[in-house]
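# Chains, contacts and geometry: an overview
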Amino acid sequence: SFKIADALITYLESLNSFNSPFDLYIRNEKYKEDNPKLREGYNLFMGEAACGNCHVPPLFGSLNPTNFKDPLYFKINSPELKDEENGLATNERYDERYNHFFSVPSLRKLKYSTPYFHNGSLLSLEACIDAHIVDGSDFIKELDEDQKSAILYFLETLNDSALTTINEHMNLPL
């Protein structure tokens, strides 16, 4: 129902304090003057690099599962998915039509969530960016080192050391 979905959204939003350097920049609270590297990284992330197509603000993730085996939807140099890596099909509510579907994780607090990818195969953000660049892709284009550096800088601004808890006075729609 809509009430359950609203409660889930409210809960998920509570897991982030939205006080990362990026959030402070967007709200014009920390950087009173422009931060060109952050702006460049964000613009590349959302635009030319097409990261924002799957990692959607404000959580920079998505609750919509992606089929990581279907080249029409996702061309990525991810380690080859094995048949036993069933993704959402392992959940008893789903069936094998959901083999290799994985939720797109939030990119907030990345420094606290290594290793990366569905199977923990990548240990650095640099490796993740390189894995997303695929020759001949219609989706993700080649990036030069300055562009990669700007995206990495942006991703680092999503880190926030504050770990929030649910406030007992929060108005969850139940």
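Shown above is the structure to which this text applies.
Cut-offs used in this document
- Residues numbered from 1 in each chain as written.
- Predicted model: local features only at pLDDT ≥ 70, side-chain atom pairs only at ≥ 80, totals over all residues.
- Heavy atoms only, no water.
- Helix = DSSP H or I, 4+ residues; strand = E, 2+ residues; numbered from the N terminus.
- Expected span 1.5 Å × (residues − 1).
- Buried < 20%, exposed > 50% of the residue type's maximum accessible area, 1.4 Å probe, protein only.
- Contact = heavy atoms within 4.5 Å.
- Polar contact = N/O pair within 3.5 Å; in protein donor to acceptor, adjacent residues only side chain to side chain.
- Patch = residues over 30% accessible without salt bridge, like charges linked within 9 Å, V, L, I, M, F, W, Y side chains within 5 Å.
- Areas by Shrake-Rupley, 256 points an atom, 1.4 Å probe, with all protein chains shown as cover.
- Salt bridge = Lys/Arg side-chain N within 4 Å of Asp/Glu carboxyl O.
- Lys, Arg positive; Asp, Glu negative; His and termini not counted.
- Charge placed at Lys NZ, Arg CZ, Asp CG, Glu CD.
- Phe/Tyr/Trp six-rings, centres within 6.5 Å; stacked < 30°, edge-to-face > 60°.
- Axes fitted to C-alpha atoms, helices over the stretch in contact; angles between N-to-C directions.
- Parallel < 35°, antiparallel > 145°, perpendicular 65-115°, else oblique.
- Left-handed = near helix turned anticlockwise from the far one by under 90°.
- Nonpolar A, V, L, I, M, F, W, Y, C, P; charged D, E, K, R; others polar.

### Some remarks on helix H5 (residues 145–156)
Each full turn of the α-helix corresponds to 3.6 residues, which orients residues three or four apart in the same direction. In a regular helix each residue adds 1.5 Å, so twelve residues correspond to 16 Å; H5 covers 16 Å between its end C-alpha atoms and thus fits that length. Restricting attention to buried positions, one finds in H5 the residues Gln147, Lys148, Ala150, Ile151, Leu152, Phe154 and Leu155. Residues of H5 that are buried sit in contact with helix H2 (21–26), helix H3 (36–46) and helix H4 (125–132). N-capping of H5 is provided by Asp144, with a side-chain oxygen placed 3.0 Å from the backbone N of Asp146.

### Considering a negative patch on the surface
Side chains of Glu40, Glu48, Glu142, Asp144 and Asp146 sit close together on the surface and give a patch of like negative charge. Checked against the element boundaries, Glu142 lands in the loop between H4 and H5.

### Let's talk about the packing of aromatic side chains
Tallying each qualifying case throughout the model produces seven aromatic pairs. For the pair Phe45 and Phe60, a centre-to-centre distance of 5.8 Å together with 75° between the ring planes defines the contact as edge-to-face. Note that Phe45 is positioned in helix H3 and Phe60 in the loop between H3 and strand E1 (62–67), a separation of 15 residues in sequence. Neither residue differs from the other here; Phe45 and Phe60 are each classed as buried. Aromatic pair Phe60 and Phe154: ring centres 5.6 Å apart, planes at 70°, arrangement edge-to-face. Here Phe60, found in the loop between H3 and E1, pairs with Phe154, found in helix H5; they are 94 residues apart in sequence, far enough to count as distant. Here the aromatic residues Phe22, Tyr42, Phe45, Phe60 and Phe154 are joined through ring pairs into a cluster of three or more.

### Considerations on the packing of H4 against H5
Two elements in contact, H4 and H5, have axes separated by 11 Å at closest approach and are oriented at 125°. As summarised for this structure, H4 and H5 are arranged oblique, according to the angle between their axes. For the pair H4 and H5, the crossing hand works out as right-handed. The residues of H5 that touch H4, namely those facing Leu125, Glu126, Ile129 and Asp130, are Lys148, Ile151, Leu152 and Leu155. Taken together, the residues of the contact of H4 with H5 break down into five nonpolar, no polar and three charged.

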